[in-house]
Amino acid sequence: MEELITQLLSLAKGVWKYRWYAVVVAWVVVVVGWVTVYKLPDNYQASARVYVDTQSILQPLMSGMTSMPNVEQQVSIMSRTLLSRPNIERAMRMVDLDLKAKTVKDQENYIDELMSQIKINGTMRDDIYTITYNNKNPKLAKDVVQSFLTIFVEGSFGDKKQDSEKAVRFIDDQIKNYEDKLTAAENSLKDFRLKNASLLSRPGTDYGSKLVETTETLNQARLDLMEAEQSRDAIKKQIGGDDSAGKADSTPAKIVNPELDERIQTLNKNLDTLRLQYTEEYPDIVSTKRLIAQLEARKVEESKLKKNTSDPGLNYSPMLQQLKVSLSQAEARVAAMKARVDEYNSRLGRMRALSNAAPELETQLAQLNRDYQINKENYEKLVSRRDAAKLSGELSATTDMMTFRIIDPPTVPITPAGPKRLLLASLVFVGAILAGIGTAFLMSQMRPTFLTQGSLRDATGLPILGTVAMNWTDNQKIKRRKSLYAFGASFISLLVLYGGVMTLFFLKQ
């Protein structure tokens, strides 16, 4: 510890030896520094504070009807991107800075200056944003802050509205495409139904059910035909009476009846055709054989009737006339039933011939219906989303979603915000003192001297035999005393000058 103190004292003595160098350097630095600080141009700061109210009553009311814009995120992004190059150039045009830029380099300098000087501070928690700008021209500082405030407010609405318009245009294009697809699907489905109307089943039924239904209808028509023929034959028996001539041993094959013979012959041909494809137990074969037997029985009855009508007076009986009318009606009913049976037979034949093609047609119909339904659902979804997008765009653009309240509007500053001359003057003063001490220290190191016995012994490594004391004369003592007074006066003058400069800078603010 003692060695450290000794070393520090040695350094202090070396600095003290070159104290006048320190004084000169300190004065030069302080004078140059204070003059520079004094000549610094005034810097005026303009600022504005805005509060963004994002809690709108429209949000809970419109929830579920449209996509609600994230207002907080929208404002936050706008505040972060406010200092983009397009916004800087727009602000320059608003305050006519672009007119002052004569060259491209000047314009770039203005842009760099604005990007470095403009400051935007804000918090998501309080939704309060502050815009500040410093410039030597107070009016320009105010105008720049006002321009950025305008860009901030307008940008929070405009971008979202443009995004919504782009979305609506895209959805409109998709709706037009789906309208074309839907029209094409409707036309294809209509043409397919018209082309295959006879083979398509009713909604809720398939081709197999339709085939079974037609078969049952045919069987019912045959049953009705048999009932009609039996009713007609009963009427004929009543007209013919119970004459014993009906017991003649004549056979149907020996009786000649051209009309019935032709029908029996036709039925026999159909029976032979059916036997080539089916067994004897097939319903059509059984019914045909039954119909042939009925026709042969009818031949016998009509032959008996002709034999028993020898009395011409019988034709004029009122009862006989009524029976003949009933017979005519029964014959007409039988003919109608035969036509129905023939028609159902024809339908059933066509359906059996197309039994393999019908499932394929139903599959194609199902595919067309599925494509049509998919296009219809997508079309309806797009229409609803287009309306939602339009409503979302209008909702984003309305000023009711977020309200901008200017807390502190930008004004022309009266007093400069900088430079901070008091602080800079103090720093210059401290720097001057340190510069003087540093200069004296460097001088002591460049021109070293041994001020103590210990330093000499340490440097040479030789023993010290003795020392010679310095005896100052009276003139030398007076001269040293004056030198000390002059040094003190110069330092005190420096302090007084520092106080005067601080007072001047304080009054200048």
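Residues numbered from 1 in each chain as written. Predicted model: local features only at pLDDT ≥ 70, side-chain atom pairs only at ≥ 80, totals over all residues. Heavy atoms only, no water.

K.L.:
Which residues make up the overall build of the chain, and what values go with them?
P.N.:
On a plain count of helices and strands, the chain comes out with 16 helices and 4 strands. Relative to its full complement of 509 residues, the chain shows a buried share of 30%. Contacts in the chain between residues at least 24 apart in sequence constitute 82% of all its contacts with a sequence separation of at least 6. Surface summary for the chain: the accessible area is close to 32400 Å², and the carbon and sulfur share equals 57%. (Helix = DSSP H or I, 4+ residues; strand = E, 2+ residues; numbered from the N terminus. Buried < 20%, exposed > 50% of the residue type's maximum accessible area, 1.4 Å probe, protein only. Contact = heavy atoms within 4.5 Å. Areas by Shrake-Rupley, 256 points an atom, 1.4 Å probe, with all protein chains shown as cover.)

K.L.:
Give a detailed account of the pattern of salt bridges, specifying residues and quantitative values.
P.N.:
Counting across every chain of the model gives 10 salt bridges. With a closest N to O distance of 2.8 Å, Asp408 and Arg49 form a salt bridge. With Asp408 in strand E4 (residues 403-408) and Arg49 in strand E1 (residues 44-53), this residue pair connects regions lying 359 residues apart in the sequence. Take Asp408: its relative accessible area is 33%, and that puts it in the partly exposed class. In this structure, Glu331 engages Lys236 in a salt bridge whose closest nitrogen and oxygen atoms are separated by 3.4 Å. Here Glu331, found in helix H12 (residues 318-353), pairs with Lys236, found in helix H9 (residues 207-240); they are 95 residues apart in sequence, far enough to count as distant. Each of Arg232, Asp233, Lys236, Arg298 and Glu331 takes part in a single network of salt bridges with overlapping partners. (Salt bridge = Lys/Arg side-chain N within 4 Å of Asp/Glu carboxyl O.)

K.L.:
Report on the packing of helix H14 (residues 421-446) against helix H16 (residues 474-508), specifying residues and quantitative values.
P.N.:
For the pair H14 and H16, interaxial distance at closest approach is 9 Å and the crossing angle is 165 degrees. Overall, the two elements H14 and H16 adopt an arrangement that is roughly antiparallel. Crossing hand, H14 versus H16: right-handed. Two secondary-structure elements touch here, H14 through Arg421, Leu422, Ala425, Ser426, Phe429 and Ile433 and H16 through Phe491, Leu494, Leu495, Tyr498, Val501, Met502, Phe505, Phe506 and Lys508. (Axes fitted to C-alpha atoms, helices over the stretch in contact; angles between N-to-C directions. Parallel < 35°, antiparallel > 145°, perpendicular 65-115°, else oblique. Left-handed = near helix turned anticlockwise from the far one by under 90°.)

K.L.:
Summarise the packing of helix H2 (residues 19-39) against H14; cite the residues concerned and give the values.
P.N.:
Taken N-terminus to C-terminus, the directions of H2 and H14 make an angle of 155 degrees; their axes are 8 Å apart at the nearest point. Considered as vectors, H2 and H14 are oriented roughly antiparallel to each other. Of the two elements, H2 crosses H14, and the hand of that crossing is right-handed. Of the residues in H14, those in contact with Tyr21, Ala22, Val25, Ala26, Val29, Val30, Gly33, Trp34, Val37 and Tyr38 of H2 are Arg421, Leu424, Ala425, Val428, Phe429, Ala432, Ala435, Gly436, Ile437, Thr439, Ala440 and Met443. Counted by class, the contact of H2 with H14 contains 18 nonpolar, 3 polar and 1 charged residues. (Nonpolar A, V, L, I, M, F, W, Y, C, P; charged D, E, K, R; others polar.)

K.L.:
Please set out the packing of aromatic side chains residue by residue, giving values where relevant.
P.N.:
The final tally for this structure, using the stated rule, is 8 aromatic pairs. Here Trp16 and Phe487 contribute two aromatic rings whose centre-to-centre distance is 5.3 Å and whose plane-to-plane angle is 80 degrees, an arrangement assigned as edge-to-face. Taken together, the positions of Trp16 in helix H1 (residues 2-17) and Phe487 in helix H16 put the pair 471 residues apart, joining distant regions of the chain. A ring pair is formed by Tyr38 and Phe505, whose centres lie 6.2 Å apart and whose planes are at 20 degrees; its orientation type is stacked. With Tyr38 in helix H2 and Phe505 in helix H16, this pair connects stretches of sequence that are 467 residues apart. Site record: aromatic cluster; members linked through ring pairs are Trp16, Trp20 and Phe487. Over the ring of Tyr178 we find Lys181; its NZ or CZ atom is 4.8 Å from the centre of that ring. (Phe/Tyr/Trp six-rings, centres within 6.5 Å; stacked < 30°, edge-to-face > 60°. Lys NZ or Arg CZ within 6 Å of the ring centre and 35° of its normal.)

K.L.:
Would you mind going over a nonpolar patch on the surface in detail, with residue names and values included?
P.N.:
The grouping of Leu4, Leu8, Leu11, Phe441, Leu442 and Met446 at the surface amounts to a nonpolar patch, some 580 Å² of accessible area in total. Those elements that provide at least two residues to the nonpolar patch are H1 and H14. With respect to the element layout, Phe441 can be found in helix H14. (Patch = residues over 30% accessible without salt bridge, like charges linked within 9 Å, V, L, I, M, F, W, Y side chains within 5 Å.)

K.L.:
Run through unusual backbone geometry, naming residues and quoting values.
P.N.:
The backbone phi angle of Asp96 is positive, close to 65 degrees, even though this residue is not glycine. By relative accessible area, Asp96 is classed as partly exposed at 42%.

K.L.:
Kindly report on H2, identifying the contributing residues and their values.
P.N.:
Its 21 residues give H2 an end-to-end C-alpha distance of 30 Å, which sits within 8% of 30 Å, the value for a rise of 1.5 Å per residue. Regarding H2, the residues found buried are Arg19, Ala22, Val23, Ala26, Val30, Gly33, Trp34 and Val37. Seen end-on, H2 carries its buried residues on one side only, within an arc spanning 115 degrees. Pointing more than 90 degrees away from the buried face of H2 are the exposed residues Val24, Val32 and Lys39. (Expected span 1.5 Å × (residues − 1). Arc of directions from axis to C-beta.)

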